[in-house]
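Residue-level listing of the chains:
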Amino acid sequence: MQTHPSLARPSRGGIFLSLLFAPAMCWALASWPTSMRAAESDDIKALRSQINALEQKLDALEKKQEASDQASAAAAKAVTQVSFTDKGFVFASGDGASSLHLGALVQFDSREFFGDGGGVPNNSFILRRARIILDGKLDKIYSFQLVPEFGNGSGGTATTVAILDANFTIAPTPAVQLKVGKFKTPIGLEELQADPSTSFVERSLVNNLVPNRDLGAQVCGIIDGGGVNYSVGLFNGIPDALTSSGNSDFDNEKDVDARLFLKPFVNEKKSAWQGLGFGVAGGLGREKTHSAVTSGYKTAGQQTFFSYNAAVYADGDVWRASPQACYYLGPFSALAEYVISTINVRPSAPTPTTFPAKTQLENKAWAATVGYVITGEDATYDGVTPASPFSWADGTWGAWQVVARYEDLKIDPKAFAGTGAAQLASTATNAKEASGWGVGVNWYLTKAVRITQDFFDTRFTKAGTIAPTTQILQHNEKALTTRLQLNF
């Protein structure tokens, strides 16, 4: 049988060559993975080095951008933005953290009285208010206000200038604010309304029984987005109807005044009750000296219908209480408040040998005001902003509002008790009650310019059995007042 050549037995030479090269082949096969791994390790190191280099470049770019942003922010803050609008001159830092506002309020009035016998020189023009307003804020939480009065209706006279407001506020949060200096005391609802924003030229009879501006320190705040407003402060104390306190106290006593006002639906945009607000305010203190006695209560026409005898001396507790409410719904507005003011007085100052009897008096007043913007704009506590300013060329007429008010003030009958030196107020020169109504029209040409015309009819109730000797009390007061107002 013949064998195939391919299956023939290998020669001894072939076997020898195979045995000779086998170790070299095994070494090559064994060493190949190690060389490849070394190459791969070098590539990874190179890649990691590149990644580290890129990360360093990225960090450098980020730091450069951060420095650039900080420089831009500093430059923006350093840039002062200046504007002049119906809100006045405003100088503001680029970031809005600090600002300065320069404005003014000018109220030029005309007063005309009817049916008063003609013997009283009361028909006149008057510069009711003339103020330069300087206020601002620093670093968002600090604010200040400085307002001198050059008119003769709010603390100044024809020959003097009064500091009406001078205060500083620290407000780390809206809920907790500290205010110190001279500012309005937190009692009267209408009194707290800004002077350019009241519905009528003059505030109601109620305003005779609440303090105005005083020196003191107050903690106040706004909670729940405006749903809760509170104020509590310690003040020098001032008498009823005083337009503004002086720059020092007239005795060693102090008053505590506080107010809590709620707007439970203020954050419910679709509720008809969103504009409802109600609350209570009051004050408690002690007053001594003649200066603590009011200089007199005035009508809407600013004529005095009651004042104490010149010798009357305040001596003891004083307190006030005022429930109050307001409501705004679209063009409709309503505001009402009641005030009781209590004071302890003597017919004259006590001396080592005389000690006149003390009498506690409680004088009371209330008023209600309603209004309607016939051009449709919203009525607010801060006034009315016309949708279109008055322009003859464009045929726009600004905003028009009609208002009405009823008011009443009663003097405690004990003020007229006794005779002679024991009497606190004369029945011949005072009324024991004033009540009246008023109607008016407000024309808002722009937010800054307003023309108002009001008519008031005030009736007096005589304090004694005989007719008063003061001419203005012998007839009802019928007063027509007109005002041109510029406010920015």
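First, a word on what this report is: a plain description of the structure on this page. (Residues numbered from 1 in each chain as written. Predicted model: local features only at pLDDT ≥ 70, side-chain atom pairs only at ≥ 80, totals over all residues. Heavy atoms only, no water.)

**Quick look at the pattern of salt bridges**
Next up, step 1: Per the stated rule, a full pass over the model turns up 21 salt bridges.
Next up, step 2: Across the pair Lys-184 and Glu-191 runs a salt bridge, and its minimum N-O distance is 3.8 Å.
Next up, step 3: Judged by its relative accessible area of 14%, Lys-184 is buried.
Next up, step 4: Taken together, the shared-partner salt bridges in this structure form one network comprising Arg-129, Arg-131, Glu-149, Asp-165, Lys-184, Glu-191, Asp-195, Arg-203 and Arg-213. (Salt bridge = Lys/Arg side-chain N within 4 Å of Asp/Glu carboxyl O. Buried < 20%, exposed > 50% of the residue type's maximum accessible area, 1.4 Å probe, protein only.)

**Section: the side chain of Asp-412**
Next up, step 1: By secondary structure assignment, the location of Asp-412 is in the loop between strand 19 (399-410) and strand 20 (431-444).
Next up, step 2: Looking at Asp-412, the relative accessible area reads 7%, which means it is buried.
Next up, step 3: A polar side-chain atom of Asp-412 sits 2.8 Å from the main-chain amide nitrogen of Glu-362.
Next up, step 4: Sequence-distant contacts of Asp-412, that is, excluding residues within four places in its chain, are made with Gln-360, Leu-361, Glu-362 and Asn-363. (Helix = DSSP H or I, 4+ residues; strand = E, 2+ residues; numbered from the N terminus. Polar contact = N/O pair within 3.5 Å; in protein donor to acceptor, adjacent residues only side chain to side chain. Contact = heavy atoms within 4.5 Å.)

**Section: a negative patch on the surface**
Next up, step 1: On the surface, a cluster of negative charge is contributed by Glu-55, Asp-59, Glu-62, Glu-66 and Asp-69.
Next up, step 2: By secondary structure assignment, the location of Glu-62 is in helix 1 (residues 12-78).
Next up, step 3: Taking relative accessible area as the criterion, Glu-62 reaches 47% and is therefore assigned partly exposed. (Patch = residues over 30% accessible without salt bridge, like charges linked within 9 Å, V, L, I, M, F, W, Y side chains within 5 Å. Areas by Shrake-Rupley, 256 points an atom, 1.4 Å probe, with all protein chains shown as cover. Lys, Arg positive; Asp, Glu negative; His and termini not counted. Charge placed at Lys NZ, Arg CZ, Asp CG, Glu CD.)

**A word on the pairing of strand 20**
Next up, step 1: In terms of residue burial, strand 20 counts as a mostly covered element, since 10 of its 14 residues are buried.
Next up, step 2: Bridging between strand 19 and strand 20 involves 12 bridges; their strand directions are antiparallel. In the strand pairing of strand 20, Leu-409 is matched with Ala-434.
Next up, step 3: Alignment of strand 20 against strand 21 (residues 449-462), held across 13 bridges, turns out to be antiparallel. Considered in strand 21, the bridge of Ala-431 is made with Lys-462.
Next up, step 4: Hairpin connection from strand 20 to strand 21: 4 residues lie between these consecutive antiparallel strands. (Pairing = 2+ DSSP bridges.)

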